[in-house]
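Chain by chain, the residues:
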Amino acid sequence: MSRMHPFARAGLLALAALCGFVLVGAASPGTWLLDTLTGLFAAGLLVMSLHLLIGYTGLISFGHAAYYASGGYIFGMVLQTPAFVAACGAWSVPLATLLAVCGTGLFALLVGSICARLSEIYFAFLTLAFQMLFVSIIQGLVQYTGGDQGLTGGIPRPAFLGLDLVQARDRYAFSAFLFVAGVLAVRLITLSSFGASLRMVRDNERRAAFLGVNTYAVKVLAFTAAGSIASLGGVVLAVFTSAAYPEWAGWSVSGEAIFMIMLGGLHSFWGPLVGVVAMRVINDVTLLYTTHTELAKGLAILFVVLVLKRGILDWLTDWRKARRKSPSTKEQRHAAP
Amino acid sequence: MLRLEHLVKRFGGLTATDDVSLTFPAGSLSAIIGPNGAGKTTLFNQITGHLVPTSGKIRLEGQDITGLRPAAIVRKGIGRAFQIASIFPSMTVRESLAAAVTAHRRAAFGLASAFPRRDVAGRTEELLHLLGMEGVADRLSSEISHGDQKLLDVGLALALEPKVLLLDEPAAGMGPEERWQMMATVQRLWKSANMTLIFIEHDIELVFRTAEVIHVLRYGAVLASGTPDEIRGHPEVIEAYLGRETEEEPA
Amino acid sequence: MLDLDALLNCFSATSCLVTQASTGVIIGMLLFLVASGVTLIFGVLHVVNFAHGAFYMIGAYTAWSAYGATGSYYLAVLAGALSAAVIGVLFERLAISRVYRENLLMQLLVCYAFVLVADDAVKMIWGAEYLAMGIPAEFRVPPYRFAGGVVPPFYVFLVATSLAVAVACLLLIRYSRFGKIVRASAQNATMVSVLGIRVPVYFAALFGLGCALAGMAGALAAPVRSMTPGMGLSILIDSFIVTVIGGMGSIPGALLAAVMLGVTRSFGSLGFPLFVDGAMFIMMVAILVFRPQGLLGEKALR
């Protein structure tokens, strides 16, 4: 396996994952598992695309949810246009997805090219400002977006390629596909030469510039890619809820995304997905006893930040490394009184 | 190769570079020395474009590069290694060098193939061999010794195949053994890459044993230039470093 | 969507002008108090206090309870400021002080966690429904009439108190021994501690002061704004906008920006109600792009 080209390896893993998801979907009796996984897929896309920015480029964006929501809105609005569905027929859903990604990509390109000129805190604030501006616009253009209520009336989802998105299983399979595709895209980027440039910019932007890298272009491109991939998450949500809501672009969505990345671990590729699952577990377990999920989440964050000082996967990796380095000292420690 | 013509740099009332004219022939190995505050790093900063000279010209192969932005000067072929190693902590030695080579080959935005590209990987192995860093190639840059980090810093600059390489105190912060190894490596790199090398150093013995030509700066002006033997016995140079009984060294 | 007629009509009638302007000014002053806290903490400790809105909320709720218990609004305001200060100091000692040197993400997370905990705590103690204090007994007096417009006396009290407190803080930071020590510690804590000064105490005190400003703002706002857990978010966003536009670290800048924003909101709710927020964000974007140090900020930080 290790002799294989990294891209091929990633592609194979993606294929295997997709098959696995589909099998699980086919075998699952009720819809609870499918719905839960779909929710995790959407969050996973949001979080992995943000990871490209925070983990790999060192860019902290507070307003990533805007691109997530934008994907859902473009998808929904396009499909709610009768002329579009009439023209595209069976290709409506795939084309709408493509439009959502491209439209969001353009949006991200625009915002990114403005924000990337600034440094840390100001970059973060500006991305937040744009996100809130986006929300304001959505809420203001009531005629097109449904304003506060969101896109109501359902989103037409003409069947395509044998998939009827009204059926839970088909919807789930489509979401799984988008999820695997999105994560694969992030993986390929991190494995490529561009991925090395991202890491250079993260570690030492000044030196990267000295080596002739156009760090501004790197940042803008990373931002655009991240936004585009996040939009797939919005599409998953839109398909799932048959709607789109301004809350998807809210500050708490962005904040939770950042937290999920930190919870899982910044320093590995899979960390953020671990964070998504962990967050869901915390949420669901808390709900068994009390409605105060916010309190539980808050305490969990404080624990991770102040005690572990790094994400779960990172902590596990460090722990395993430490064990491997000095098994003898551990025994000594146990032996000593 | 590189010529400084009547370079002057003033910061308000302070003259950091005082009418400096120096020539660095192609393929030469020169050192710039001088007491603290003599303006050595300021001179480097003007050559690499981080400071714009108040007046005077800098010519690379005859071409005027005065006042060009740092990125442009890098492209013209002037590389620099830093006093405090400026490296990529989370990347391994091999990855860092490969990234630099990738940037040099204008493939920094490549998405079509995995990193490092085949041709980049080949060149990276060459660099590792040249630097003598095969042993630490797969260690994280943050985890190698200080001396190795400085060497990596030089390696990153080398990856750009510069015509002129500026080394800012290559042996700084190293123990006695390490310094000599470093300078031996510097000489080896210089010979094999056939480039013009200029370095700033404080350790005089190191300079005398390594450099072909030595330029001494004092209070921003050139005090003396010559071969190590000529400089060794130069009375003004000795005075500049040791000073007279009542004089205080500039900070 | 865009009701320019209503806006123009208001400009031509002094009574409307006065009423809207006075509303705008008090919105601005409340914002100013909160933003002063943010800018104080950032300017001196270089920490962005993302939990600031939570202290505003704590101040408001405590004031509500204190007023209900004592019947004195002045005590309520004091209680609000004090509770925010005490909790702020605890938060600083237990959590914030550990992430001073960490990057922005850690600070954000610690504050975010605090907000989650505080919101739920408030929900548990006071319930999730909206609470209202109403104009306190001390101010149930006939309103002032000015050029045909109405200005409630409480508004005057609010403006006067906010200004007085903010000016007092500014003077404290600039000229007092406390202020000098804190500012010096922010630049070089090691040096200051070597002089025998217990730097952590000063940092905690400053953080507490910043939170007290937010708490006081909450208490002052209680009579004119309804309270709900989670009310901290919108004031947080607004105060950040104000801080950025005015300049991080500049209290006069915060005043200028806050009044600008307050007035924009007030007149905006007449002329372009759905785009009021949008207008403010556009202003913030413009400042960040063209003048990132803010209107009266210190240095450009590109």
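Keep in mind the model is a prediction, meaning the values are calculated, not measured.

Draft legend 1. Structural context of the sheet that holds strand β9 (residues 213-218) of chain B. Residues and elements named next belong to chain B. The six strands lie next to each other as β6-β7-β8-β3-β9-β10, forming an open sheet whose pairing is mixed. Each edge of the open sheet carries a strand with a single partner, namely β6 (78-81) and β10 (221-226). Across the sheet, the mean angle from the axis of one strand to that of its neighbour is 20 degrees, orientation sign disregarded. One ladder, built from five bridges, connects strand β7 (residues 164-168) with strand β8 (residues 196-200); its direction is parallel. Looking at β8, one finds that leucine 167 is bridged to phenylalanine 199. Against the sheet, helix α1 (residues 40-47) contacts β3 (29-33), β6, β7, β8 and β9, and its axis sits at roughly 150 degrees relative to β7. Sheet strands in contact with helix α5 (residues 146-158) are β6 and β7, and its direction is about 170 degrees off that of β6.

Draft legend 2. Quick look at the domain arrangement of chain A. Residue and element names in this part refer to chain A. Partitioning chain A into domains gives domain 1 (6-27 + 34-249) and domain 2 (251-324). Domain 1 and domain 2 are separated by 22 Å when their C-alpha centres are compared. Breaking the side of domain 1 that touches domain 2 down by element, the ones donating at least two residues are α2 (32-57), α3 (65-79) and α8 (168-191). Here the side of domain 1 that touches domain 2 gets 10 residues from one element, more than from any other, and that element is α2.

Draft legend 3. Spotlight on helix α9 (residues 193-210) of chain A. Residues and elements named next belong to chain A. Taking 1.5 Å per residue as the helical rise, α9 with its 18 residues ought to reach 26 Å, whereas the 17 Å between its terminal C-alpha atoms falls clearly short. Its axis deflected by about 130 degrees at asparagine 204, α9 carries its strongest bend there. Glycine 212 sits one or two residues past α9 and shows a positive phi near 90 degrees.

Draft legend 4. Highlighting the interface of chain C and chain A. Opposite the 35 residues of chain C that make contact, chain A presents 33 residues. Counting residues per element, the ones that place at least two in the side of chain C that touches chain A are α5 (104-126), α10 (232-246) and α12 (276-290) of chain C. In terms of residue class, the side of chain C that touches chain A is built from 29 nonpolar, one polar and five charged.

Draft legend 5. View of the interface of chain A and chain B. Across the boundary between the two partners, chain A contributes 23 residues, which contact 27 residues of chain B. Looking at which element gives the most residues to the side of chain A that touches chain B, the answer is α9 of chain A, with 13 residues. Partitioning the side of chain A that touches chain B into residue classes produces 12 nonpolar, seven polar and four charged.

Draft legend 6. Representation of the confidence of the model for chain A within the structure. Of the residues in chain A, 96% reach a pLDDT of 70 or more, and the chain-wide mean stands at 88. Looking over chain A, one finds the lowest element-wise mean pLDDT in helix α15 (residues 327-335) of chain A, namely 48, and the highest in helix α10 (residues 215-241) of chain A, namely 95.

Draft legend 7. Main features of the confidence of the model for chain C. Here chain C shows a mean pLDDT of 84. Residues at 70 or above account for 96%. Interface confidence in the predicted complex, given as ipTM, is 0.82; pTM for the same model is 0.86.

Draft legend 8. Region of the structure containing the pairing of strand β1 (residues 2-11) of chain B. Residues and elements named next belong to chain B. Relative to strand β4 (residues 55-60), β1 is paired through five bridges, and the arrangement is antiparallel. Across the sheet, arginine 3 pairs through a bridge with arginine 59, a residue of β4. Bridging between β1 and strand β2 (residues 14-24) involves seven bridges; their strand directions are antiparallel. Across the sheet, the residue bridging to leucine 7 is valine 20, located in β2. Linking β1 back to β2 in an antiparallel pair, the connection comprises two residues, with glycine 12 at a positive phi of about 65 degrees.

Draft legend 9. Just the nonpolar core, in detail. Counting residues in hydrophobic clusters, the biggest one holds 283 residues, and the most contacted among them are Ala129 of chain A together with Val34 of chain C. Top contributing element to this core by residue count: α10 of chain A, with 16 residues. Each of domain 1 (6-27 + 34-249) and domain 2 (251-324) of chain A gives at least three residues to this core. Apart from residues no more than four positions distant in its own chain, alanine 129 of chain A is found in contact with Phe281, Met284, Val285 and Leu288 of chain C.

Draft legend 10. Quick look at the sheet that holds β1 of chain B. Residue and element names in this part refer to chain B. The strand order across the open sheet formed by four strands is β2-β1-β4-β5, and the pairing between neighbours is antiparallel. The open sheet has two free edges, formed respectively by β2 and β5 (63-64), since each of these has just one partner strand. Strands β1, β2 and β4 of the sheet are contacted by α1, whose axis makes an angle of about 65 degrees with β2.

Draft legend 11. Focus on unusual backbone geometry. Residues and elements named next belong to chain B. Going from phenylalanine 115 to proline 116, the amide bond is cis rather than trans, its omega being -5 degrees. Following the sequence through the fold, proline 116 ends up in the loop between α3 (93-104) and α4 (118-131). We note that histidine 6 has phi near 50 degrees; this positive angle belongs to a residue other than glycine. Following the sequence through the fold, histidine 6 ends up in strand β1. The phi angle at aspartate 19 is positive, at roughly 50 degrees, despite the residue not being glycine.

Draft legend 12. Main features of the packing of helix α2 (residues 14-45) of chain C against helix α6 (residues 153-175) of chain C. Residues and elements named next belong to chain C. Relative to each other, α2 and α6 sit at 25 degrees, their axes nearing to 9 Å. Judged by the inter-axis angle, α2 sits roughly parallel to α6. Where α2 crosses over α6, the two elements pack in a sense that is left-handed. The segment α2 lies against α6, with Ser22, Val25, Ile26, Met29, Phe32, Leu33, Ser36 and Leu40 engaging Tyr155, Leu158, Val159, Ser162, Val165, Ala166, Cys169 and Ile173. Split into classes, the residues belonging to the contact of α2 with α6 amount to 13 nonpolar, three polar and no charged.

Analysis parameters
Residues numbered from 1 in each chain as written. Chains lettered and ligands numbered in written order. Predicted model: local features only at pLDDT ≥ 70, side-chain atom pairs only at ≥ 80, totals over all residues. Pairing = 2+ DSSP bridges. Helix = DSSP H or I, 4+ residues; strand = E, 2+ residues; numbered from the N terminus. Axes fitted to C-alpha atoms, helices over the stretch in contact; angles between N-to-C directions. Contact = placed C-beta atoms within 7 Å. Domains from an automatic or database assignment. Expected span 1.5 Å × (residues − 1). Bend = angle between axes of the 7 residues up to and from the residue. Nonpolar A, V, L, I, M, F, W, Y, C, P; charged D, E, K, R; others polar. pLDDT = per-residue confidence, 0-100. Core = buried A, V, L, I, M, F, W, Y, C linked by C-beta atoms within 7 Å. Buried ≥ 20, exposed ≤ 12 C-beta atoms within 10 Å, placed from the backbone. Parallel < 35°, antiparallel > 145°, perpendicular 65-115°, else oblique. Left-handed = near helix turned anticlockwise from the far one by under 90°.

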